[in-house]
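Coordinate analysis (summary)
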Amino acid sequence: MFDHAKWISPAVDYGRACPVFRKQFSAKAVKKATLAVTALGIYAAKLNGERVGDYVFAPGWTQYEKRLQYQQYDVTEMIREQNEISVTVGEGWMRGEINANFRPERDGTDQFKCAVPAGVLAELTLEYADGSREIIATDENWETAKTGILFSSIYNGETYEAGVVPTDFVAAKPIDPTLLPGFELIPQQGEKIIEQDRIAAAKLIITPKGEKVIDFGQNLTGYVEFTVNAKKGDVIRFHHGEVLDKNGNFYNENYREADAKFEYICAEGEQTYHAQFAFYGFRYICIESWPGEPKAENFTAIVVCSDIRRIGKLECSAPLVQKLFDNIFWGQRCNFLDVPTDCPQRDERLGWTGDAQVFVRTASYNYDVEKFFEKWLCDVEASRGRYGMPDNVVPRVWNGETASAAWGDVCCIVPWTIYQTYGNAELLRRNFNLMKDWVDAIGKVTHDEFLWTGCEHFGDWLGLDAEPGSYTGSSRKDFIASAFYIYSTSLVIKAGMELGEDVGRFEKLYEKVLAKFRETFTDYRTQTEHVLALHFGITTEPEKTAASLADMIRKNGTALATGFVGTPYLLHVLSSNGYTELAYDLFVREKFPSWLNQVKLGATTMWEHWDNIREDGEFWSKDMNSFNHYAYGSVADWIYEVACGIKPAKPGFAEAVIAPKPDARLGRLFASIDTRHGQISSGWTYANGQFRYEIETPVKTAITIDGKTKVVNAGKYIFYSK
Ligand code: BGC
């Protein structure tokens, strides 16, 4: 591929405006025409004025120093006798402020200068009906001009001047290969990014401050399409926000440095537009400038995310719980935009590994994310630095030497979980080195052999037992790090057993790290410490540890105090150690801190912090206060696996277990997953003092109800219990 094409860039400095690259050519009758294309930045290709494909923000986000995807499109139907191919290029993830590796340098003004030029590599292969072949490839015979996209930046939004028809075309120049990031070109590996949904504006609000705000009724990721009738030169400007403040005014201080602005200079007459190379996380837009009076019907939000297929369903008759489920699915859609991001709105939107690790099980039941994670795991691999550790954010955008515990453990947790859900042993095999190397790397960087001490860690991030002014819960960092060392080692052993690999070295290591941990940490001081000791099989007295955890939770007002590290396992350890009712107490709790509290306060996606909005209506902080962070949505895996009781007994659900643990307070609960072997579902309804279970399985399944197990074949089953 690309044997004939050269990387080209504009010969003229267009500042931060987006260039278009074009080539005119004539063609004979074609049998087949294929366009292969990629860019330094993100591109939109057109043939004869028509958009090629529906991929948004191609070529996607990878670890650009190592890997750059290209896409191939069948354009047979688009070829005419006289043709023009054009490719417009925005900064995207490679050249914008988001990518510190290629971060544009400030030149003393507030202007950025990209270290890498806008570039295109394209090859159009025309196979003619007469059997001949022609290749139109990027070279110095292509031309470039400045487009109406005067500014495009992932964090800071887009400025567009409508009606600008690029005219001042000049010859493109080949890029000096030494200026290119050292990537290998790879065919599209992940899911493409698409416009997945359209949401009409719900209403126009005039806030107490007099701002004109459009409410889409749903926090989401994407951009706003609008239609306007305007005079040439009229200006439209709006800002994005996720929430209104306690007085009902527009608010987006929580976006921090991300400007998230959209600006548009109108052409004459009726026109429709949406940002092309920027995306935003928002529920509201505040209209600062608009010709005449804006109306809600002028605006539609377009949801942009990876093209992942929904395979999970969660239903509950309790409306707040149902809304929580909906929010969890939304949280995933909003943050699965080529890489699993922490959030889609502020000046991060990064592939934080810890968040992905926390959420991957839920993610894999909600949507088919095998291909999505397969690609991202290659970037995890490609992000590895000195010691072989990946970065805390993947793709790496800065250069940390060691990764935080529970973040870097993504190397083991993600391949193992994806294997459990989808059963693809090849994926596990391809990542087995990554898993082993992670565990080995801990051995290299730790200050004390067989523990993980020293190094920088995020600890139980955002745990509620944090000291005032700290983001980190009070669980000991060395405790968490050493506990994850044990856990990841255990996953390497399990993976090795599945793959038929020698695990002798890791079995020995496991014994040592477990023994050293037990010798070093003789007590558990926080909820999260208890949770890890139970979930990772560290405690020698699970009954006592569980009782102590339950006691701690009750003394805390039957409330959790866990952060990113403890929360995902909290309900699991309670329900698997005889405290299912207490797990439900936490789950159905409506007061702060809880999952349902944010729903009661109007959440439409998952919040980053347990009290993003406090009871007095104030925000917890403006600094770490995303309203679209999926991490705490990981509670859904407890709903699938425990409350409804569906688990794979063999990888990929080749066999299953269904062992629901119901609670009358929820009324009716239902979960289903479209597995690689077919649809599996488990639901229960409480009525007249009894639970009625409806179960459907496509495979041999051990169903356990009230402690009694029956092994059944594929089929539909109804059971009752008291
Ligand atoms: C991100 C988190 C991330 C964390 C690391 C934050 O700024 O938004 O979700 O995991 O940093 O501690």
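**A short note on the layout of surface pockets**
The volume enclosed by the largest pocket comes to roughly 760 Å³. Residue lining of the largest pocket: 32 residues in total, with Arg-361, Tyr-487, His-535, Glu-641 and Lys-647 positioned closest to the centre. Secondary-structure elements contributing two or more residues to the lining of the largest pocket are α3 (353–366), α5 (410–422), α8 (477–499), α10 (527–535), α12 (567–575), α15 (636–643) and β33 (646–648). Here the lining of the largest pocket gets 5 residues from one element, more than from any other, and that element is α12. Within the lining of the largest pocket, the residues separate by chemical class into 16 nonpolar, 10 polar and 6 charged. Every residue lining the second largest pocket is counted, 30 residues in all, and those nearest its centre are Ala-44, Lys-46, Thr-88, Tyr-160 and Gln-276. Every element with two or more residues in the lining of the second largest pocket is listed here: β2 (19–26), β4 (42–47), β7 (82–90) and β25 (269–273). Shared between two domains, the lining of the second largest pocket holds at least three residues of each, these being domain 1 (8–153 + 164–187) and domain 2 (195–306).

**With respect to the packing of α12 against helix α13 (residues 580–588)**
Viewed as axis vectors pointing N to C, α12 and α13 meet at an angle of 150°, and their least axial separation amounts to 7 Å. Of the possible angle classes, the one that applies to α12 and α13 is roughly antiparallel. As α12 runs across α13, the sense of the crossing is left-handed. Taking contact as the criterion, the partners of Leu-570, Leu-571, Leu-574 and Ser-575 in α12 are, on α13, Thr-580, Leu-582, Ala-583, Leu-586 and Phe-587. Classifying every residue of the contact of α12 with α13 by side-chain character gives 7 nonpolar, 2 polar and no charged.

**A short note on the packing of aromatic side chains**
Tallied over the full model, the rule gives 57 aromatic pairs. Centroid distance Phe-458 to Trp-461: 5.7 Å. Interplanar angle 70°. Geometry classified as edge-to-face. By way of ring pairs, the aromatic residues Tyr-160, Phe-226, Phe-238, Phe-262, Tyr-264, Tyr-273, Trp-290 and Phe-299 are connected into one cluster. The ring of Phe-329 is capped by Arg-310, whose NZ or CZ atom sits 3.5 Å from the centre of that ring.

**Details of the site of the ligand**
Around the ligand sit Asp-342, Arg-346, Glu-348, Trp-352, Asp-355, Trp-407, Phe-458, Trp-461, Phe-564, Glu-608, Met-624 and His-629, and that is every residue in its neighbourhood. Here an oxygen atom of the ligand and a side-chain polar atom of Arg-346 are 2.6 Å apart. Here an oxygen atom of the ligand and a side-chain polar atom of Asp-355 are 2.5 Å apart.

**Remarks on the sheet that holds strand β29 (residues 312–316)**
Pairing in this open sheet of 5 strands is antiparallel, and the strands run β29-β35-β36-β37-β40 from one edge to the other. On the outer flanks of this sheet lie β29 and β40 (715–721), each paired with one strand and no other. Recorded for the sheet is a direction-independent mean angle of 10° between the axes of neighbouring strands. Of the strand pairs in this sheet, strand β35 (residues 668–675) and strand β36 (residues 678–687) are connected by 8 bridges, and their pairing is antiparallel. Counted as the bridge partner of Asp-674 is Gln-679 from β36.

**Brief notes about the domain arrangement of the protein**
For the protein, the assigned domains are domain 1 (8–153 + 164–187), domain 2 (195–306), domain 3 (309–643) and domain 4 (651–720). Inter-centroid distance (C-alpha atoms) of domain 3 to domain 4 is 26 Å. With 32 residues of domain 3 at the interface, the matching set in domain 4 holds 20 residues. Between domain 3 and domain 4 the total buried area reaches about 2,100 Å² when both faces are included, carbon and sulfur atoms providing 53% of it. Among the residues of domain 3 in contact with domain 4, Ile-311, Glu-315 and Tyr-584 are the three that bury the most area, contributing 24% of the side total. Along the contact surface separating domain 3 from domain 4 lie 5 salt bridges. Across the pair Arg-665 and Asp-585 runs a salt bridge whose closest N-O atoms are separated by 2.7 Å.

**Notes on α12**
Judged by how many residues are buried, α12 sits mostly within the fold: 9 of 9 residues are covered. Looking only at α12, the buried set comprises Thr-567, Pro-568, Tyr-569, Leu-570, Leu-571, His-572, Val-573, Leu-574 and Ser-575.

**Here we look at the nonpolar core**
Of all hydrophobic cores here, the largest spans 234 residues; its most connected members are Trp-93 and Phe-587. By residue number, the principal contributor to this core is α8, which donates 13 residues. If sequence neighbours within four positions are ignored, Trp-93 has contacts with Ile-42, Phe-57, Gly-60, Trp-61, Tyr-64, Ile-98, Asn-99, Ile-154, Ile-193, Phe-279 and Leu-337. By size, the runner-up hydrophobic cluster in this structure holds 7 residues, among which are Tyr-251, Ile-613, Phe-619 and Phe-627.

**Points about the pattern of salt bridges**
Scanning the model with the defined rule gives 48 salt bridges in all. Between Asp-379 and Arg-67 there is a salt bridge; the shortest N-O distance is 2.8 Å. Within this pair, whereas Asp-379 is found in helix α4 (residues 370–382), its partner Arg-67 is found in strand β6 (residues 67–74), the two being separated by 312 residues in sequence. Residue Arg-67 is classed as buried on the basis of its relative accessible area of 9%. In this structure, the salt-bridge partner of Glu-529 is Arg-476, at a minimum N-O distance of 2.7 Å. With Glu-529 in helix α10 and Arg-476 in the loop between α7 (432–445) and α8, this residue pair connects regions lying 53 residues apart in the sequence. Three or more residues joined by partner-sharing salt bridges are found here, namely Arg-256, Arg-346, Asp-347, Glu-348, Glu-608 and Asp-623.

Scoring rules and cut-offs
- For every chain, the first residue of the written sequence is number 1, and numbering continues from 1 onward in sequence order.
- This being a predicted model, a pLDDT of at least 70 is required before a residue's local features are given, and a value of 80 or more before pairs of side-chain atoms are given or counted; all residues contribute to the totals for chains, interfaces and linings.
- The basis for every side-chain value is the complete set of heavy atoms in the structure, and neither hydrogens nor water enter the calculation.
- Cavity: a set of points on a 1 Å grid over the protein atoms alone where a 1.4 Å probe fits but cannot get out. Pocket: an open set with protein on both sides within 12 Å along at least five of seven lines, its lining residues, like those of a cavity, having an atom within 4 Å of a point.
- Grid points are joined across faces, edges and corners, and a volume is the space filled by probe spheres set on the points.
- Put simply, DSSP marks the helices as runs of H or I at least four residues long and the strands as runs of E at least two long, and each gets a number from the N terminus on.
- Residues are grouped as follows: Ala, Val, Leu, Ile, Met, Phe, Trp, Tyr, Cys and Pro are nonpolar; Asp, Glu, Lys and Arg are charged; every other residue, Gly included, is polar.
- Domain delimitation follows an automatic or database domain assignment.
- Think of each axis as a best-fit line through the C-alpha atoms, taken over the contacting stretch in the case of a helix, with angles from 0 to 180 degrees between the N-to-C directions.
- Reported orientations rely on four angle classes, namely roughly parallel under 35 degrees, roughly antiparallel over 145, roughly perpendicular from 65 to 115, and oblique for the rest.
- Should the near helix be turned anticlockwise from the far one by less than a right angle, the crossing is left-handed, and should it be turned clockwise, the crossing is right-handed.
- Should any heavy atoms of two residues lie within 4.5 Å, those residues are considered in contact.
- Each aromatic pair joins two rings of Phe, Tyr and Trp (for Trp, the six-membered one) with centres within 6.5 Å, and gets the label stacked for planes under 30 degrees apart, edge-to-face for over 60, and tilted for any other angle.
- Criterion for a charge above a ring: Arg CZ or Lys NZ at most 6 Å from the ring centre, at most 35 degrees from the ring normal.
- Throughout this document, a residue counts as near a molecule or strand when at least one of its heavy atoms sits within 4 Å of that molecule or strand.
- By the criterion applied in these results, polar contacts are pairs of N or O atoms within 3.5 Å in which, for protein atoms, one can donate a hydrogen and the other can accept it, and in which residues neighboring in sequence qualify only through two side-chain atoms.
- Here a strand pair is declared whenever DSSP counts at least two bridges between the two strands.
- Take the accessible area each of two parts loses on contact, using a 1.4 Å probe, and add the two losses: that sum is the buried area.
- By convention in these notes, a salt bridge is any Lys or Arg side-chain nitrogen within 4 Å of a carboxyl oxygen on Asp or Glu.
- Categorising residues by exposure relies on relative accessible area from a 1.4 Å probe, with only protein chains included: less than 20% of the type maximum marks a residue as buried, more than 50% marks it as exposed, and the intermediate range marks it as partly exposed.
- We call a set of buried Ala, Val, Leu, Ile, Met, Phe, Trp, Tyr and Cys residues a nonpolar core when their side-chain atoms join them within 4.5 Å.

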